[in-house]
Amino acid sequence: PICHRHIIRRMPPDKFKEYMTGPLESPETRVTGDPNWAQSKRDIVNQGIHAPGVAAKFRIYDSTLAKMEETLKDSRWLAGDRFSLADISLTPYVNRLEMLGMSQMWTVARPRLTDWFERIKARPVFKPCFLDYCPPDLTSDLQTYGSQSWPEVRELLAA
């Protein structure tokens, strides 16, 4: 919701209109099983972080980060003392939050998660898989729009 809406708004006028007025049935609807998926995407373009359901999604992220912090009190990695699929599967989510300039979700009060992510980033495959893979224009958009949105996200998480 933070970055996607700005990318959509940069579309040529005809493509933007097609996106905003096209059919509500979409491949995403079939994949997610959410009959409101297309309308939700439109709401996000129009309302951003204030669109219905966005706050709940950020709270899910925050809850997941809290569970990760708790899990890491007993082990070095998420599923024990060895790096595993549990770590691999959550890395993209934590990385995306960092790319959005929202690392304060863990760096302020979740030291074990902070340490975990620093160890993840130090792995040789991290940069080519996560940083080099993301196109530079998307990286720039994520940083710009995420940083601009962080104060509002922080506020909604505090509520």
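Quick note: structure is the one above.
Engineer: What am I meant to see in the overall build of the chain here?
Structural biologist: A count of helical and extended segments in the chain gives ten helices and zero strands. By its C-alpha atoms, the chain is 50 × 35 × 30 Å across when sized along the principal axes. Counting every position in the chain, which comprises 159 residues, the buried fraction comes to 36%. Pairs at least 24 apart in sequence give 66% of the contacts found in the chain among residues at least 6 apart.

Engineer: In this structure, what is going on with the pattern of salt bridges? I would like to understand it.
Structural biologist: Oppositely charged side chains can form a pair if their charged atoms are brought close together. On inspection of all chains with the given rule, the structure shows eight salt bridges. A salt bridge links glutamate 98 to lysine 121; the shortest N-O distance between them is 3.1 Å. Taken together, the residues span a long stretch of sequence, with glutamate 98 in helix α6 (residues 85-99) and lysine 121 in helix α8 (residues 111-122) at a distance of 23 residues. The exposure class assigned to glutamate 98 is partly exposed, which follows from its relative accessible area of 26%. Among the residues examined, lysine 121 registers a relative accessible area of 24% and is labelled partly exposed. The salt bridge partner of lysine 127 is aspartate 132, with a shortest N-O separation of 2.8 Å. For aspartate 132, a relative accessible area of 46% gives the class partly exposed. One continuous salt-bridge network, built from bridges that share partners, spans Glu98, Glu118 and Lys121.

Engineer: Sorry, what's going on with the nonpolar core here?
Structural biologist: When a protein is soluble and globular, its nonpolar side chains tend to lie buried together. By size, the foremost hydrophobic cluster in this structure holds 30 residues, and its most contacted members are Phe58, Leu65, Met102, Trp106 and Trp116. Setting aside its immediate chain neighbours within four residues, methionine 102 contacts Ile2, Phe58, Leu97, Gly146, Ser149, Trp150 and Val153.

Engineer: Before we go on, may I ask you to explain helix α10 (residues 136-158) in this structure?
Structural biologist: Residue pairs spaced three or four apart in an α-helix point in one direction, given the helix's 3.6 residues per turn. Look at α10: 32 Å from first C-alpha to last across 23 residues, which is about the 33 Å you get at 1.5 Å a residue. The inward-facing, buried residues of α10 contact α1 (4-9), α5 (54-71), α6 and α7 (104-107).

Engineer: Explanation requested: the side chain of aspartate 43 in the structure shown.
Structural biologist: Structurally, aspartate 43 is set in helix α4 (residues 37-47). In this structure aspartate 43 is buried but unpaired, with arginine 42 as the nearest side chain of opposite charge at 8.0 Å. Not counting residues within four places of it along the chain, the set of residues in contact with aspartate 43 comprises Gly48, Ala51 and Pro52.

Engineer: Would you take a moment to explain the packing of aromatic side chains for this structure?
Structural biologist: To describe a pair of aromatic rings, you give the distance between the ring centres and the angle between the ring planes. Inspection of every chain in the model, using the stated rule, returns seven aromatic pairs. Connected via pairs of aromatic rings, a cluster forms that spans Trp106, Trp116, Phe117, Phe126 and Phe130. One residue, arginine 119, lies across the ring of tryptophan 77, its end atom 4.4 Å from the ring centre. Positioned above the aromatic ring of phenylalanine 83 is the side chain of arginine 123, whose terminal nitrogen or guanidinium carbon lies 3.6 Å from the ring centre.

Engineer: Could you clarify how one ought to interpret the environment of alanine 109 in this entry?
Structural biologist: Looking at the element boundaries, alanine 109 is found in the loop between α7 and α8. Overall, the relative accessible area of 61% leaves alanine 109 in the exposed class. The spatial distance from the C-alpha of alanine 109 to the C-alpha of histidine 6 is 30 Å, given a sequence separation of 103 residues.

Criteria and cut-off values
Residues numbered from 1 in each chain as written. Predicted model: local features only at pLDDT ≥ 70, side-chain atom pairs only at ≥ 80, totals over all residues. Heavy atoms only, no water. Helix = DSSP H or I, 4+ residues; strand = E, 2+ residues; numbered from the N terminus. Buried < 20%, exposed > 50% of the residue type's maximum accessible area, 1.4 Å probe, protein only. Contact = heavy atoms within 4.5 Å. Salt bridge = Lys/Arg side-chain N within 4 Å of Asp/Glu carboxyl O. Core = buried A, V, L, I, M, F, W, Y, C linked by side-chain atoms within 4.5 Å. Expected span 1.5 Å × (residues − 1). Lys, Arg positive; Asp, Glu negative; His and termini not counted. Phe/Tyr/Trp six-rings, centres within 6.5 Å; stacked < 30°, edge-to-face > 60°. Lys NZ or Arg CZ within 6 Å of the ring centre and 35° of its normal.

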